[in-house]
Amino acid sequence: MTDVRKPTNSERKVRFEGRVLTSDQLDAVSGGLSSMVSEVLKNFGSAVNTSARGS
């Protein structure tokens, strides 16, 4: 018969794999995040301006 119960906390196995980024990789990630944050703020500001004009 197949065991279908959920594992208890002590039975769960968590695997963590750490990774060290090179300086170039870290720059690429931080540059991408910076660009995304900038885009979000720009869009938010545009939405606030549009909302204010509609009031």
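Nothing here was measured: the structure is a model prediction, and the numbers come from that model. (Residues numbered from 1 in each chain as written. Predicted model: local features only at pLDDT ≥ 70, side-chain atom pairs only at ≥ 80, totals over all residues. Heavy atoms only, no water.)

(A) Molecular detail of the overall build of the protein chain. Of regular secondary structure, the protein chain possesses one helix and zero strands. For the protein chain, the proportion of its 55 residues judged to be buried stands at 0%. Carbon and sulfur atoms make up 58% of the accessible area of the protein chain, which amounts to about 5,600 Å² in all. (Helix = DSSP H or I, 4+ residues; strand = E, 2+ residues; numbered from the N terminus. Buried < 20%, exposed > 50% of the residue type's maximum accessible area, 1.4 Å probe, protein only. Areas by Shrake-Rupley, 256 points an atom, 1.4 Å probe, with all protein chains shown as cover.)

(B) The pattern of salt bridges, seen in detail. Per the stated rule, a full pass over the model turns up one salt bridge. With a shortest N-O distance of 3.5 Å, Lys 42 and Glu 39 are connected by a salt bridge. Of the two residues, Lys 42 and Glu 39 are both situated in helix H1 (residues 23–54); the distance of three residues between them amounts to about one turn of the helix. Residue class for Lys 42 comes out exposed when judged on its relative accessible area of 53%. Given the relative accessible area of 37%, Glu 39 is considered partly exposed. (Salt bridge = Lys/Arg side-chain N within 4 Å of Asp/Glu carboxyl O.)

(C) Region of interest: a nonpolar patch on the surface. Residues Leu 21, Leu 26, Val 29, Leu 33 and Met 36 make up a contiguous nonpolar surface patch of about 460 Å² in total accessible area. Along the polypeptide, Met 36 turns up in helix H1. (Patch = residues over 30% accessible without salt bridge, like charges linked within 9 Å, V, L, I, M, F, W, Y side chains within 5 Å.)

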